[in-house]
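# Structural overview
Single-letter residue listing:
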Amino acid sequence: MDARPITLAFVLMVPGLASSANTMPAIASGLAWVIYSGSQVINNSFGGPPSQGYDCTSFSSVCDSLQAAASNDVVVVAAAGNDRVGVDFFANQSGVIAVAGAQYDSSGAAFWDGSVQNGRSFGSNRGSEVAIAAPAASVISSVYTGTDWNSGFPDSRFACGDGFPSGYYAGYGICTGTSMSTAFVSGIAALTRSVFPTATRNQVRSFLV
């Protein structure tokens with residue numbers, strides 16, 4: 001195998017992007033920038049349901065960037081989604097490591113399942129595209145100090161930020177979702193490439209799954 005030009009794998013995140021149709025072109029551009037910057041592992045905590053038209057037909061530029069990742073041997077990890085249905089785009093694309101959410105209780109390990117409030121389900125998406133699962137429920141996470149997300153969601157347990165729980169350590173919060181799961185897997189993938197810098201992306205995937 002060819003030696004890599006850099007020996008330390010890293011995860012590079014592009015902030016400020018959400019899963020909506022008007023941001024998908026920005027996501028495609030962000031992916032391309034990260035790929036050509038030399039990143040070896042990309043963490044993606046966003047997505048869109050195929051039932052709402054999120055696919056390669058509607059967003060070909062995103063899939064072009066995923067193909068560029070494959071051509072440049074970049075590991076792409078993406079969250080499966082949080083609606084207890086099929087796997088979101090683009091985690092459902094070939095070559096992407098789709099990460100589902102897991103939880104552990106007295107019954108053992110299982111998919112993370114939230115609750116149903118105001119007609120909306122919360123829990124890990126699942127499907128044949130899922131490659132691996134990692135902790136999703138009540139994960140301690142670093143957050144922007146004084147900033148909260150999703151506080152108005154029907155299920156308050158899906159909220160995340162400096163105010164959850166109230167009075168917790170500044171800059172940390174307890175968050176829930178497959179975004180949390182994905183970061184675990186991306187981190188392990190980055191550590192794997194740090195230890196085995198010549199490993200291909202397919203070999204990294206085989207180490208994980």
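Reference entry: report on the structure contained in this document. Nothing here was measured: the structure is a model prediction, and the numbers come from that model.

### Quick word on the overall build of the chain
Looking only at helices and strands, one finds four helices and 11 strands in the chain. Nonlocal contacts in the chain, meaning residues at least 24 apart in sequence, comprise 70% of its contacts between residues at least 6 apart. For the chain, the exposed area adds up to about 10300 Å²; of that, 55% sits on carbon and sulfur atoms.

### What about unusual backbone geometry?
Each neighbour pair has its own omega, and for F89 with F90 the value is 10°, a cis peptide bond. The topology assignment puts F90 in the loop between β2 (75–79) and β3 (97–105). Cis geometry is adopted by the peptide bond preceding P165, which originates at F164 and carries an omega value of -5°. Even without glycine at this site, D73 takes up a positive phi of about 60°. Note on placement: D73 falls in the loop between α2 (60–71) and β2. A positive phi angle is found at R84, which is not glycine, with a value near 60°. In this fold, R84 is placed in the loop between β2 and β3. Note on R84: relative accessible area 31%, which makes it partly exposed.

### What to know about the state of the cysteines
Defined simply, a disulfide is a covalent bond joining two cysteines at their sulfur atoms. Evaluation of the coordinates by the stated rule reveals two disulfides. Disulfide partner of C56: C63, at an S-S distance of 1.8 Å. Residues C56 and C63 are joined by a disulfide whose S-S torsion is about -80°; by sign, that bridge is left-handed. Overall, the relative accessible area of 28% leaves C56 in the partly exposed class. The disulfide partner of C160 is C175, and the gap between their sulfur atoms is 2.0 Å. Its S-S torsion of about 60° marks the bond between C160 and C175 as right-handed, since a negative value means left-handed. A residue pair is termed long-range when its members are at least 10 positions apart, and C160 in strand β10 (residues 160–161) and C175 in strand β11 (residues 172–175) qualify at 15 residues. Counting only the cysteines that form disulfides, in the order they appear in the chain, gives the pairing 1-2, 3-4.

Rules of the game
Residues numbered from 1 in each chain as written. Predicted model: local features only at pLDDT ≥ 70, side-chain atom pairs only at ≥ 80, totals over all residues. Heavy atoms only, no water. Helix = DSSP H or I, 4+ residues; strand = E, 2+ residues; numbered from the N terminus. Contact = heavy atoms within 4.5 Å. Areas by Shrake-Rupley, 256 points an atom, 1.4 Å probe, with all protein chains shown as cover. Buried < 20%, exposed > 50% of the residue type's maximum accessible area, 1.4 Å probe, protein only. Disulfide = S-S within 2.5 Å.

By themselves, these observations are geometric and do not establish any function.
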